[in-house]
Amino acid sequence: MSDEFKAGFACFVGRPNVGKSTLMNALVGTKVAITSSKPQTTRRTIRGIVHRPDAQLVIVDTPGLHRPRTLLGERLDSLVLSTLSEVDVIGFCIPADEAIGKGDKFIADKLAAVKRTPVMAIVTKCDLVSREKLAEQLLAVSNLGEFAEIIPVSAKAGEQLDILSDLLIKRLPESPPLYVGGELTDEPEQVLVAELIREAVLEGVRDELPHSIAVVVEEMGLREGRDDLLDIYAFMFVERPSQKAIVIGRKGERLREVGTRARHQIEALLGTRVYLDLRIKVAKDWQRDPKQLRRLGFYD
Ligand SMILES: Nc1nc2c(ncn2[C@@H]2O[C@H](COP(=O)(O)OP(=O)(O)OP(=O)(O)O)[C@@H](O)[C@H]2O)c(=O)[nH]1
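- As annotated in an unreviewed UniProt entry, the protein chain is GTPase Era from Sinosporangium siamense.
- Its UniProt record, at the heading Function (unreviewed entry), says of the protein chain: "An essential GTPase that binds both GDP and GTP, with rapid nucleotide exchange. Plays a role in 16S rRNA processing and 30S ribosomal subunit biogenesis and possibly also in cell cycle regulation and energy metabolism."
- Turning to the protein chain, the UniProt annotation filed under Subunit (unreviewed entry) states: "Monomer."

What follows is the structure, given as structure tokens:
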């Protein structure tokens, strides 16, 4: 190993839906964080790792930083802020196709308070705008705060991703690799599986449901006597019986579809056949109840 090997942590922040998860997936090259067209689907700090001959970049994905409204919201924000002070570089994601608004300013203010960590502004979704619009957005971003770099990228079109990796890696300290064995993520498989199930649920439901759904994998293991079939027992939590009805659908149709979609995703991730037992439970107002939050994995 040469002396100059670099390794460290980067973290992407930004309003919900600005493309953080998609960008991380594109950099890592494998689907490790879930993405969805609905805001606020990422609740955990999932790490993806970019392995290069000269460096190892560990990317911490965060929930969209936003003004807290519920207890869950507050906890998400404290998670984000504690993450920020522990990383080597922060990527502040701002979409190219939306005017800079209050939400971005709110985050820029928070970032200005994180003194020690360099902040790079990443203008995402460049494929959606013309060159002129992009130039205007870059200028607007430069007026938003003091940034170590401002870089436009498109995760979808694969534009400027290598340059972004280079710039992020430049900010990492010299260090031996932090993860060995070539794994792309250090999230336990059960958490990834639960996230894939939640993604499948979110595909078909109304806009107000995302915040009300949590998924927990209770048990996961190879079926006895088989090395090609994985049994997964999972619970999906909703807040109210009416939401349960929406998720189940007419004659259970939606739930069946969700199960099939999730199963395919899990099979693709783990490379094995999967039997998925997915049940729904109503956990009344779990977002506002500290005990329930802890049970679902959201700690203080
Ligand atoms: N055209 C285009 N769309 C993109 C690009 N990156 C992300 N998107 C879309 O933007 C939406 C949001 O992307 P996500 O990656 O889930 O956003 P996020 O910031 O992680 O969202 P939260 O998890 O809610 O914080 C999805 O519909 C993506 O397909 C891009 O480079 N180009």
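## With respect to the overall build of the protein chain
Next up, step 1: For the protein chain, the helix and strand inventory stands at nine helices and nine strands.
Next up, step 2: A burial count over the protein chain gives 50% of its 300 residues as buried.
Next up, step 3: Once local pairs closer than 6 in sequence are excluded, the contacts in the protein chain between residues at least 24 apart make up 70%.

## Thoughts on the confidence of the model for the protein chain
Next up, step 1: Here the protein chain averages 80 in pLDDT, while 74% of its residues score no lower than 70.
Next up, step 2: The lowest-confidence element of the protein chain is helix H9 (residues 290-295), averaging 61 in pLDDT; the highest-confidence one is strand S5 (residues 119-124), averaging 97.
Next up, step 3: Here residues 39-44 is modelled with pLDDT under 50, and outside its nearest four sequence neighbours on either side it reaches 32 contacts, counting other chains as well.

## Concerning the pattern of salt bridges
Next up, step 1: All told, the structure shown has 12 salt bridges when counted by the stated rule.
Next up, step 2: The partner of Arg 52 in a salt bridge is Asp 166, with the nearest N and O atoms 2.8 Å apart. Placement of the pair is Arg 52 in strand S2 (residues 47-52) and Asp 166 in helix H5 (residues 161-170), with a sequence separation of 114 residues.
Next up, step 3: Assessed through its relative accessible area of 39%, Asp 166 is described here as partly exposed.
Next up, step 4: Between Asp 277 and Arg 279 there is a salt bridge, with the nearest N and O atoms lying 2.7 Å from each other.
Next up, step 5: The class of Asp 277 is buried, set by a relative accessible area of 12%.

## A word on the environment of Val 87
Next up, step 1: Along the polypeptide, Val 87 turns up in the loop between helix H2 (71-86) and strand S4 (89-95).
Next up, step 2: Classification of Val 87 by relative accessible area gives buried; the value is 8%.
Next up, step 3: Taking the C-alpha atoms as reference points, Val 87 and Gly 8, separated by 79 residues in sequence, lie 7.4 Å from one another.
Next up, step 4: Ignoring any residue separated from it by four or fewer positions in sequence, one finds Val 87 in contact with Phe 9, Ala 10, Cys 11, Val 60 and Thr 117.

## A look at the sheet that holds strand S8 (residues 229-238)
Next up, step 1: Strand order in this open sheet of three strands is S7-S8-S9, and the pairing throughout is mixed. Each having just a single partner strand, strand S7 (214-222) and strand S9 (273-282) make up the two edges of the open sheet. Each strand axis lies, on average, 15° off the axis of its neighbour in the sheet, ignoring direction.
Next up, step 2: In the sheet, S8 pairs with S9 via 10 bridges, with the strands oriented parallel. Residue Leu 230 lies in a different strand from S9, and its bridge partner there is Val 274.
Next up, step 3: This element, helix H7 (residues 241-248), spans S8 and S9 of the sheet and lies at about 150° to S9.
Next up, step 4: Of the strands in this sheet, S7, S8 and S9 touch helix H8 (residues 253-270), which is tilted by about 135° from S9.

## Let's talk about the state of the cysteines
Next up, step 1: Enumeration according to the criterion identifies zero disulfides in this entry.
Next up, step 2: With no disulfide of its own, Cys 93 lies closest to Cys 11 among cysteine sulfurs, the gap being 9.2 Å.
Next up, step 3: For Cys 93, a relative accessible area of 0% puts it in the buried group.

## Focus on the pairing of S8
Next up, step 1: With respect to burial, S8 is a largely interior element, nine of its 10 residues being buried.
Next up, step 2: The pairing of S7 with S8 spans eight bridges and is antiparallel. Bridged to Met 220 within S8 is Ile 232.
Next up, step 3: What sits between S7 and S8 in their antiparallel hairpin is a turn of six residues, with Gly 225 showing a positive phi close to 80°.

Rules of the game
- Residues numbered from 1 in each chain as written.
- Predicted model: local features only at pLDDT ≥ 70, side-chain atom pairs only at ≥ 80, totals over all residues.
- Heavy atoms only, no water.
- UniProt positions renumbered as here; feature names shortened; annotations may be inferred.
- Helix = DSSP H or I, 4+ residues; strand = E, 2+ residues; numbered from the N terminus.
- Buried < 20%, exposed > 50% of the residue type's maximum accessible area, 1.4 Å probe, protein only.
- Contact = heavy atoms within 4.5 Å.
- pLDDT = per-residue confidence, 0-100.
- Salt bridge = Lys/Arg side-chain N within 4 Å of Asp/Glu carboxyl O.
- Pairing = 2+ DSSP bridges.
- Axes fitted to C-alpha atoms, helices over the stretch in contact; angles between N-to-C directions.
- Disulfide = S-S within 2.5 Å.

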